[in-house]
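Coordinate inspection notes
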Amino acid sequence: MLPGVVKADEGAGLFVRGGDVSETATYLDRALLFHPYRYETPTGGFFGAVPPYLISGLSLSTGAFPARFGNALSGILELTGLDRPRQASITATLGLGAASASVALPLGDHMGVRFSGNQTLSPLLFAVNPGDQHFQTLPSGSDLNLSFYADSATAGRFKISAFTDRQQVGVESQEDAFTGILDSASHNRLFSLNWEKPLRHWLIDVTLSTGTYSESTSVGVLDLTSRDSGERMRLDLSYSSSGWIFRTGVEAERLGTLSQGAIPAHGGDLAGVQGTLLWSLDLSEWRAGGYAEWERSAGRFTINLGMRLDRFQALRAWSADPRASVVYALRAKQRLRLAWGMYHQAPAPEYLNRVDGNPGLRPMHAQHLVAGYAYGEESGHLYLRVEGYAKKYGSLPLEDAALNFNDRGNGFARGVDFFLKLAPSTRWQGWAGYSFLQARRLYTPFDDFQRYEIPTAQYRPDFDIPNTLQLVAQHSLTASVSIGASFRMASGKPFTPIAGGSDTPEGFIPLYGAIDSQRLPLYERLDFSVSKSYSVAKKVSMILFLGVNNVLDRKNVFAYAYSSDYSQRRPAEGSQGRAFYFGTSFQR
């Protein structure tokens, strides 16, 4: 719910400042998460893959981020895991939809281990909140997480983490005039090793990670099995002395994609009225890169200059990305910031398929320009941030009648973000955010291949949400009772209307209007939560919690479904009405 992030639906996908969800990279302790969502969809997924109780903090960079981050056109989300446990603790939580437990154990003065697990309990959740979605298989899943820590004055700090997650669901899906069951099952795994050691003025940080993600999806004529695997190495060095910092590093990664099955011949035609295609993809993409950054504080100025150099092996291309920023400190805790940078990212593997794609595509690129003003500190009583930005995109995949796809797509995004945080007392805190966005693109999402007439001019993408307003408030009624509320209002996302249907021997074919030429209705949602803590025994506390999502029971519309001949349309089912969630947690 941070300013600069728009939502295309109720899911967790991060659409950052006019960028697609695939253009934001997510890191966990510097290890790249190739698939950061659960129950994945084209707009990201319904939940984040990393359980929140494993995270000690996060940082979202929404534009013009420094040279040490690469291979992302729009944003960077950094998740920081919990540190080595200093004392033993046990937490067990039983909620309406899941049961979880975590254990933290110090092993002497220099080692420790954390273990946690979570199991979905969806039958009870949907018995209390039936909704209008129809399930053949209720959502189910489980995850296990293990971290080992070791600190040594001579060898440095080590952290080894392992994560595994399984999900399954069978839910009714509506796409234009098609209605059918979408069956999906996935398995996500990540293993990482982090080593950090100070050496006089230098700090050395090495991260090694490997992960796999396998998924099977079946809906209508689409029937795919896929497996992504990847390895990544990153080495960072930093040197600080007398008001300046020098950072440099190298990284290398391999991402392998293997998928096969059947897909619609025309994007979105899940009924297969216009035919199906056999699909096969076996691709390995290697990327290696390095960077250097120089940061200097002099008087009221803080300057950061950086350069990245990356090699995209499968695309046979190099990229060079200069980046710069300057912060000027005014009086009374005020700051001005100006930042600029170039960014490159490889197209999704599907675009590089030799049969249905084009392996000769170049890396996509973007240019960011950000200017901002800030007052106060985020941890203080008052914090205000206002930022304006402009982004240009190039070399985006665009459908081509002869080549399947070319790399002549382009676009832009510009807007302003406002963020105000108030913490007037220890009992009250809240914040308000507003974002204005204008985004245009000339490109073709892979799932829309051969669906519409090939565009010749820039149009509004699905994530062009012009206005987003968010309000959050938290209050401690007593030392043991807390309440919270959040409200979100946003413009409806663009969609492509269907003017009617053309009758063929195989069935009706939709006649589409101009791409994304209409908008869905205004989005509104109010959530409320309350919690109360008790001391039930020595060193044991219990917390009771209750949450109510969509308190006003507003039926937000995220898509339209059509009759079999496309003569009538109605809001597609699946909108989340009022929903309750409650449970208890024990901590020791």
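As shown above, the structure is provided for reference.
Chains are numbered independently. Their residues run from 1 in the order of the written sequence. Restriction of local features to residues with pLDDT of at least 70 applies here, the model being predicted, together with a cutoff of 80 or more for giving and counting side-chain atom pairs; totals for whole chains, interfaces and linings are based on all residues. Water and hydrogen atoms play no part in the side-chain values, which are based on all heavy atoms of the structure.

1. Things to note about the environment of Ser238
Going along the chain from the N terminus, every DSSP run of H or I of four or more residues is numbered as a helix, and every run of E of two or more is numbered as a strand. Structurally, the position occupied by Ser238 is in strand E16 (residues 222-241). Classification of Ser238 by relative accessible area gives partly exposed; the value is 22%. Linking Ser238 and Gly357, residues 119 residues apart in sequence, is a C-alpha distance of 41 Å. Setting aside its immediate chain neighbours within four residues, Ser238 contacts His201, Trp202, Leu203, Phe246 and Arg247. Here's how the labels work: a residue is buried when its accessible area is under 20% of the maximum for its type, exposed when over 50%, partly exposed in between, all with a 1.4 Å probe on protein chains only. What makes two residues a contact is simply this: any of their non-hydrogen atoms within 4.5 Å.

2. Re the side chain of Lys493
Here Lys493 is to be found in the loop between strand E27 (481-490) and strand E28 (494-495). Under the convention used here, Asp and Glu are negative, Lys and Arg are positive, and both His and the chain ends fall outside the count. For this document, the term salt bridge refers to a Lys or Arg side-chain nitrogen within 4 Å of an Asp or Glu carboxyl oxygen. Summary of buried charges: Lys493 has no salt-bridge partner, and the nearest side chain of opposite charge, Asp462, is 5.1 Å away. Contacts of Lys493, omitting those with residues within four sequence positions, involve Ala8, Asp462, Ile465, Gln518, Arg519, Leu520 and Phe558.

3. Digging into the side chain of Thr207
Residue position: Thr207 is located in strand E15 (residues 202-219). On the accessibility criterion, Thr207 (3% relative accessible area) is buried. Within 3.5 Å is the distance limit for a polar contact, defined as a pair of N or O atoms, with the added protein rule that one can donate a hydrogen and the other accept it, and that residues adjacent in sequence qualify only through two side-chain atoms. Engagement of the side chain of Thr207 in a polar contact is seen with the side chain of Asn194, the distance being 2.9 Å. Residues contacting Thr207, with those up to four places away along its chain left out, are Asp29, Arg30, Ala31, Leu193, Asn194, Arg232, Met233 and Arg234.

4. Considering the pattern of salt bridges
Under the counting rule described, the total for this entry stands at 35 salt bridges. In this structure, Arg335 and Glu377 form a salt bridge, with 3.6 Å as the shortest nitrogen-oxygen distance. Taken as a pair, Arg335 in strand E21 (residues 334-345) and Glu377 in the loop between strand E22 (364-376) and strand E23 (382-400) lie far apart in primary sequence, 42 residues in all. On the accessibility criterion, Arg335 (22% relative accessible area) is partly exposed. For Glu377, a relative accessible area of 43% puts it in the partly exposed group. The partner of Asp407 in a salt bridge is Arg362, with the nearest N and O atoms 3.2 Å apart. Highlighted residues: Asp407 in strand E24 (residues 404-422) and Arg362 in the loop between E21 and E22, separated in sequence by 45 residues. Judged by its relative accessible area of 47%, Arg362 falls in the partly exposed class.

5. What to know about the sheet that holds strand E7 (residues 55-61)
Two strands qualify as a pair provided DSSP detects at least 2 bridges between them. Strand order in the open sheet made by the four strands is E4-E3-E8-E7, with mixed pairing throughout. With partners counted over all chains shown, the strands left at the sheet margins are strand E4 (31-32) and E7, one partner each. Across six bridges, the pairing between E7 and strand E8 (residues 75-81) is antiparallel. Across the sheet, the residue bridging to Leu58 is Leu79, located in E8.

6. Observations concerning the packing of aromatic side chains
Two aromatic rings, drawn from Phe, Tyr or Trp (for Trp, its six-membered ring), form a pair once their centres lie within 6.5 Å of each other, and the interplanar angle then sorts them: stacked below 30 degrees, edge-to-face above 60, tilted otherwise. Summed over all chains, the structure comprises 22 aromatic pairs. Arranged with centres 6.2 Å apart and planes meeting at 50°, the rings of Tyr27 and Phe69 form a pair that is tilted. You can see Tyr27 sitting in strand E3 (residues 24-28) and its partner Phe69 sitting in the loop between E7 and E8, a full 42 residues away along the chain. With 5.5 Å between their ring centres and 45° between their planes, Phe419 and Trp431 make a pair best called tilted. Here the residue Phe419 occupies a position in strand E24, and Trp431 occupies one in strand E25 (residues 428-442), the gap between them amounting to 12 residues.

7. Concerning the pairing of E23
The sheet contact formed by E22 and E23 spans 12 bridges and is antiparallel. In the sheet register, His368 faces E23, and the bridge partner there is Lys391. Counting the residues in the hairpin turn of E22 and E23 gives five residues. Where E23 meets E24, 17 bridges bridge the pair, whose relative direction is antiparallel.

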